[in-house]
Amino acid sequence: MLVIVRKNVAALKQQGKSLDEIIAAKPTAAFDAKFGNFVFNGDQFTKMVYAGL
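Residues numbered from 1 in each chain as written. Predicted model: local features only at pLDDT ≥ 70, side-chain atom pairs only at ≥ 80, totals over all residues. Heavy atoms only, no water.

1. Brief notes about the nonpolar core
Here is step 1: Membership of the largest hydrophobic core is limited to 7 residues, which are Val5, Val9, Leu12, Ile22, Phe31, Phe45 and Val49.
Here is step 2: Listed by contribution, the elements that provide at least two residues to this core are helix 1 (2-14) and helix 4 (42-52).
Here is step 3: With 3 residues, the top contributor of residues to this core is helix 1.
Here is step 4: Each residue touching Val5, except ones within four places of it in the same chain, is listed here: Pro27, Thr28, Phe31, Phe45 and Val49. (Core = buried A, V, L, I, M, F, W, Y, C linked by side-chain atoms within 4.5 Å. Buried < 20%, exposed > 50% of the residue type's maximum accessible area, 1.4 Å probe, protein only. Helix = DSSP H or I, 4+ residues; strand = E, 2+ residues; numbered from the N terminus. Contact = heavy atoms within 4.5 Å.)

2. With respect to the packing of helix 1 against helix 4
Here is step 1: One can describe the packing of helix 1 onto helix 4 by two numbers: an axis separation of 10 Å at closest approach and a directional angle of 70 degrees. Taken together, the axes of helix 1 and helix 4 are roughly perpendicular relative to one another. Between helix 1 and helix 4 the crossing geometry is right-handed. Residues Leu2, Val5, Arg6, Val9 and Lys13 of helix 1 lie in contact with helix 4, whose contacting residues are Phe45, Thr46, Val49 and Tyr50.
Here is step 2: The class makeup of the residues in the contact of helix 1 with helix 4 is 6 nonpolar, 1 polar and 2 charged. (Axes fitted to C-alpha atoms, helices over the stretch in contact; angles between N-to-C directions. Parallel < 35°, antiparallel > 145°, perpendicular 65-115°, else oblique. Left-handed = near helix turned anticlockwise from the far one by under 90°. Nonpolar A, V, L, I, M, F, W, Y, C, P; charged D, E, K, R; others polar.)

Right, dumping it as structure tokens:
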């Protein structure tokens, strides 16, 4: 999950997408049902991944 989400966010960032555009693209969607309801939701996790790239 971590590798796939990072790959998704990195690809969108390389396309020149802004953080808001990347969040709107829902790069964590495939995992939100399982992992998106704990400490972080998908949008928050996307922001952390984006900041780490």
